[in-house]
Amino acid sequence: MKQEDFFKNLVAHCKEYGFIFPSSEIYDGLSAVYDYGQLGVELKNNIKQYWWKAMVQYNENIVGIDSAIFMHPTIWKASGHVDAFNDPLIDNKDSKKRYRADVLIEDYMAKIEEKIAKEVEKAKKRFGEAFDEAQFTSTNPRVLKYKEEFAEIDKRYVKALEDNNLADIKQIILDLGIVCPISGTRNWTDVRQFNLMFSTQMGSVNEDASTIYLRPETAQGIFVNFLNVQKTGRMKIPFGIAQIGKAFRNEIIARQFIFRMREFEQMEMQFFVRPGTELEWFKYWKEKRMQWHKALGLGEENYRFHDHEKLAHYANAATDIEFNFPFGFKEIEGIHSRTDFDLSAHQKYSGKKLQYFDYELNESYVPYVIETSIGLDRMFLSIISKAYKEEVLEDGSERVVMSIPAFLAPYKFAILPLTKKDGLPEKAREIMDKLKMQFMCQYDEKDAIGKRYRRQDAIGTPYCITIDYQTLEDNTVTIRERDSMSQKRINCNDIAAEANFAF
RNA sequence: GCGGGAGUAGCUCAUCCGGUAGAGCGACAGCCUUCCAAGCUGUAGGUGGCGGGUUCGAGUCCCGUUUCUCGCUCCA
C-alpha cells in the first residue's frame, strides 16, 4: 500500500472508531484543530501516565507541576517570544514567493552600504597613502547622497516597525522599487503580520482589559516557578521539574493530521544543573530519552537523532529525536541545552533573584537548564501509525488490527459471553464487575464471536475474555491475545496475572 | 497566501447526455449460532458543504463562498 493511502486509511480509522475527530465538524470544521474521542482520550491518558512515571515517579530528583496557561505578559517579552516571532510577510503575486518584508528592506539598505563601501574602496586606490576615510565619507557628494538615502529609509522603516504600520512597510517597498529576485516584478500583496502567539483579553471590562497570551510552550511556567519549587520542595541541584500541558501556536501552515496543530499538548521537563556541567547532562538526557522511546517497542529503526546546526536564541546545544512517521522522519522530541537564558531573562525582567545557593561550592549562581520536550500528540501519532495494520490472514480473510502496546491500549479486556442466553451474560457481568475496578473493560454480547474479536482488534484491545458453558461449571474462560490471535483456557481468578501488563 | 484536487447516509463510494438519490459495509432490534468478519428478518439514517444564477426541472451546467486535502512559502 502506498504511504499516502496508508495515512489516509489511518486517519479514517481514527475517526471511525472514536480516537480522533476533526474539531467542530458539524460546523464544517476548524483548520488544524482536532478532538480526541472516547478511545483517543484513554490512549492519550495512558501515554501521559507512562511518561510521568518514567520522569517523575522513577526519578527522586524530579517533581511535577501544573502551571496555568495564562501568564503575565512580560514573561513572553523575557522569553523572547514577543520579539522573535512576529514577522511581517509579503508575497510576490507573479513568482508566488513569500518573503519577510523587513528582510527585503534590510537587504536593500545593505546594498546601499555596499555602494558606500565601494566608493571608499575606489577612493582609497585613487588617493593612496594620503587617503582620509573620515573626511572622504563626510564630504564626497556621492557618498553623502547614499548616506542620506540610507538615513531616510532607516528612519521611516524603524518608525513603521515601531508603529506596526504594515501599510507603510509595503509603501516603503514600493517606493524603493524593490523587486522580487525571482520574477523581477513589483507586483506585491499587502504586508501581513505573522504572530506566533494567540492573544486574548484578561479583565471583564473592555477598557481595563489587558492583552495576555496563550502560552506557546509550557516551559516558562516551570521557569517562573523555579524558586517556588526549589524552596518548598527543598530541591538540590541537579533537579528537574516536569509538566504536561496544552500550548498554542499560530502555525502558518498546520497540517499532517495531529502532527502540527494550533492547540497541542507538550510533556516537558526542565532539568536545572550547575553551570559548566550542562553538556554532560545534555548527553545524559539525550541517551536517556532515546532509551525511553526505544523501550516502547515500536521498532528501534524508527528513531534517530538529528543534531541542530542552527541553534535557537537560547540554546548552546540541541538535538531532535526523530520518528519515522508515515510521511517520513520528523521531530517527536527535542532536547535542548538552554543555558541560563530563561532564568537570567526572568531575573532581569522581574527584578527577582532567581539563583541557587550551592553548598558544595559555597556560592550562588543562576542554574543552567537542560530541557526535554516531547509532543504528546506526536507521540500519540507515532504509536497509532505503527500500530495500525491491515492484515490478510491464512484463510484469506482480512482484519484491521491496532497493535497498540498492551499497557497503553484504551481497553485492556473485552468481556464476551459466547451466547447471550443460558446464564452466560450474567456470568460475564460478574467477571466484568471484578475486572473493571482495575482495568478499562468493554462488554459486548452482540453478533457472532468472530465478529466481536475483529471489533476489539480494530480498537486495539489486547485481550478478549470469552465466557462459555464450561465457565459455568469450572470457572474457566478463554483468553484470546490480539496480535497472535492465540487462545488458552485459564481460571477466572488468573485473568489479571495472565495478562501481565508491563506497567 | 498562491496553485491543483475534492465535499452525496456513520464509513467507502455510485448516480452515464440535467428528469423528484442508490449500493456495500457499519449501527440498532430480533432470529440462528458452543470460539475468529461478510447466515436470516426488520428498523433508523440524506434540504447532495452553503448561497445565488440558467432551466419547465439542478447532486449534475455557471458564478460566488466555505471547509478539507496535496504542492510551494514558514516552522522556536
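Residues numbered from 1 in each chain as written. Chains lettered and ligands numbered in written order. Predicted model: local features only at pLDDT ≥ 70, side-chain atom pairs only at ≥ 80, totals over all residues. Heavy atoms only, no water.

## Brief notes about the overall build of chain A
Okay, so step 1: Regarding its fold elements, chain A presents 17 helices and 23 strands.
Okay, so step 2: For 503 residues, the compact-globule estimate of 2.2 N^0.38 gives 23 Å, and chain A exceeds it by more than 25% at 30 Å.
Okay, so step 3: The dimensions of chain A, computed from C-alpha atoms along their principal axes, are 110 × 65 × 55 Å.
Okay, so step 4: For chain A, the residues scored as buried account for 48% of the 503 residues in total. (Helix = DSSP H or I, 4+ residues; strand = E, 2+ residues; numbered from the N terminus. Rg over C-alpha atoms; globule rule 2.2 N^0.38 Å. Buried < 20%, exposed > 50% of the residue type's maximum accessible area, 1.4 Å probe, protein only.)

## Focus: the confidence of the model for chain A
Okay, so step 1: Put simply, chain A has an average pLDDT of 86, and 91% of its residues get 70 or more.
Okay, so step 2: Ranking the helices and strands of chain A by mean pLDDT puts strand 3 (residues 62–64) first, with 97, and strand 6 (residues 192–193) last, with 68.
Okay, so step 3: For this predicted complex, the interface score ipTM comes out at 0.82, while the overall pTM is 0.83. (pLDDT = per-residue confidence, 0-100.)

## What to know about a positive patch on the surface
Okay, so step 1: Side chains of Lys 111, Lys 115, Lys 118 and Lys 145 sit close together on the surface and give a patch of like positive charge.
Okay, so step 2: With 3 residues, the single largest contributor to the positive patch is helix 5 (residues 101–127).
Okay, so step 3: For Lys 111, the location among the structural elements is in helix 5. (Patch = residues over 30% accessible without salt bridge, like charges linked within 9 Å, V, L, I, M, F, W, Y side chains within 5 Å. Areas by Shrake-Rupley, 256 points an atom, 1.4 Å probe, with all protein chains shown as cover. Salt bridge = Lys/Arg side-chain N within 4 Å of Asp/Glu carboxyl O. Lys, Arg positive; Asp, Glu negative; His and termini not counted. Charge placed at Lys NZ, Arg CZ, Asp CG, Glu CD.)

## Observations concerning the sheet that holds strand 19 (residues 413–417)
Okay, so step 1: If you walk across this open sheet you meet the 5 strands as 20-19-21-22-23, and the pairing is mixed. Edge positions in the sheet fall to strand 20 (441–443) and strand 23 (487–491), since each of these pairs with one other strand and no more. Here the average twist between neighbouring strands, direction ignored, is 25 degrees.
Okay, so step 2: Of the strand pairs in this sheet, strand 21 (residues 463–467) and strand 22 (residues 476–481) are connected by 4 bridges, and their pairing is antiparallel. Within strand 22, the position partnered with Tyr 463 by the bridge is Glu 481.
Okay, so step 3: The strands touched by helix 15 (residues 449–459) within the sheet are strand 19, strand 20, strand 21, strand 22 and strand 23, with strand 19 carrying the most contacts at an inclination of about 170 degrees. (Pairing = 2+ DSSP bridges. Axes fitted to C-alpha atoms, helices over the stretch in contact; angles between N-to-C directions. Contact = heavy atoms within 4.5 Å.)

## Examining the domain arrangement of chain A
Okay, so step 1: The domain boundaries assigned to chain A delineate domain 1 (1–74 + 197–400), domain 2 (86–195) and domain 3 (411–500).
Okay, so step 2: Here domain 2 and domain 3 have C-alpha centroids that lie 74 Å from each other. (Domains from an automatic or database assignment.)

## Describing the packing of helix 5 against helix 8 (residues 166–175)
Okay, so step 1: Contact geometry for helix 5 and helix 8: axes closest at 10 Å, N-to-C directions at 35 degrees. Helix 8 is crossed by helix 5, and the crossing has left-handed handedness. Where helix 5 approaches helix 8, its residues Ala 101, Leu 104 and Ile 105 are matched on the opposing element by Ile 169, Ile 172 and Ile 173.
Okay, so step 2: Looking at the contact of helix 5 with helix 8 residue by residue, the class counts come to 6 nonpolar, no polar and no charged. (Left-handed = near helix turned anticlockwise from the far one by under 90°. Nonpolar A, V, L, I, M, F, W, Y, C, P; charged D, E, K, R; others polar.)

## Quick word on the side chain of Ser 79
Okay, so step 1: Considering the arrangement of structural elements, one finds Ser 79 in helix 3 (residues 74–79).
Okay, so step 2: Here the side chain of Ser 79 touches Trp 76 through a polar contact of 3.3 Å, landing on its backbone oxygen. (Polar contact = N/O pair within 3.5 Å; in protein donor to acceptor, adjacent residues only side chain to side chain.)

## Remarks on the sheet that holds strand 12 (residues 317–325)
Okay, so step 1: Taken together, 7 strands build an open sheet; the order of strands is 3-9-10-16-13-12-11 and the sheet is mixed. Of all the strands in the sheet, just strand 3 and strand 11 (303–307) have a single pairing partner and so form its edges. The average undirected angle you get between the axes of adjacent strands in this sheet is 25 degrees.
Okay, so step 2: Of the pairings in the sheet, the one linking strand 10 (residues 263–273) to strand 16 (residues 368–375) comprises 8 bridges and is antiparallel in character. Each residue of the ladder has a partner; that of Met 269, found in strand 16, is Thr 372.
Okay, so step 3: Where helix 2 (residues 40–57) meets the sheet, its contacts fall on strand 3, strand 9 (239–248), strand 10 and strand 16, and the angle it forms with strand 9 comes to roughly 160 degrees.

## Looking at helix 2
Okay, so step 1: Between its terminal C-alpha atoms helix 2 stretches 24 Å, which fits the 26 Å expected from 18 residues at 1.5 Å a residue.
Okay, so step 2: Regarding helix 2, the residues found buried are Gly 40, Glu 42, Leu 43, Lys 44, Asn 46, Ile 47, Tyr 50, Trp 51, Ala 54, Met 55 and Val 56. (Expected span 1.5 Å × (residues − 1).)

## With respect to the packing of helix 7 (residues 141–163) against helix 8
Okay, so step 1: Across the interface, helix 7 lies against helix 8 with an axial gap of 9 Å and an inter-helix angle of 155 degrees. As judged from the angle between their axes, helix 7 and helix 8 are roughly antiparallel. Remark: the crossing between helix 7 and helix 8 carries left-handed chirality. Each of Arg 156, Tyr 157, Ala 160 and Leu 161 in helix 7 lies in contact with helix 8, whose residues at this interface are Asp 168, Ile 169, Gln 171, Ile 172 and Asp 175.
Okay, so step 2: Partitioned by chemical class, the residues of the contact of helix 7 with helix 8 number 5 nonpolar, 1 polar and 3 charged. (Parallel < 35°, antiparallel > 145°, perpendicular 65-115°, else oblique.)

## Focus: the pattern of salt bridges
Okay, so step 1: One pass over the structure, following the stated rule, counts 23 salt bridges.
Okay, so step 2: For Lys 427, the salt bridge goes to Glu 430, with nearest N and O atoms at 3.2 Å. Of this pair, Lys 427 and Glu 430 are both found in helix 14 (residues 424–435), 3 residues apart, which corresponds to roughly one turn of the helix.
Okay, so step 3: Residue class for Glu 430 comes out partly exposed when judged on its relative accessible area of 44%.
Okay, so step 4: Across the pair Glu 498 and Lys 488 runs a salt bridge, and its minimum N-O distance is 2.8 Å. One end of the pair, Glu 498, is in helix 17 (residues 495–499); the other, Lys 488, is in strand 23, and 10 residues separate them in sequence.

## Observations concerning the environment of Tyr 99
Okay, so step 1: Relative to the helices and strands, Tyr 99 resides in strand 5 (residues 98–100).
Okay, so step 2: For Tyr 99, a relative accessible area of 17% translates into the label buried.
Okay, so step 3: Put simply, Tyr 99 and Lys 15 are 84 residues apart on the chain and 37 Å apart in space, counted from C-alpha to C-alpha.

## Quick look at the packing of aromatic side chains
Okay, so step 1: The final tally for this structure, using the stated rule, is 25 aromatic pairs.
Okay, so step 2: Look at Phe 226 and Phe 239: their rings are 6.0 Å apart centre to centre, the planes differ by 15 degrees, and that puts the pair in the stacked class. Taken together, the positions of Phe 226 in helix 10 (residues 226–232) and Phe 239 in strand 9 put the pair 13 residues apart, joining distant regions of the chain. Across the pair, exposure class does not vary: Phe 226 and Phe 239 are buried alike.
Okay, so step 3: Where Phe 357 meets Tyr 359, the ring centres are 4.9 Å apart and the plane angle is 85 degrees; that geometry is what we call edge-to-face.
Okay, so step 4: Given the relative accessible area of 32%, Phe 357 is considered partly exposed.
Okay, so step 5: Counting every residue linked through ring pairs, the aromatic cluster contains Phe 7, Tyr 34, Phe 257, Phe 259, Tyr 303, Phe 323, Phe 325 and Phe 327.
Okay, so step 6: Sitting over the ring of Tyr 443, Arg 429 keeps its end group 3.6 Å from the ring centre. (Phe/Tyr/Trp six-rings, centres within 6.5 Å; stacked < 30°, edge-to-face > 60°. Lys NZ or Arg CZ within 6 Å of the ring centre and 35° of its normal.)

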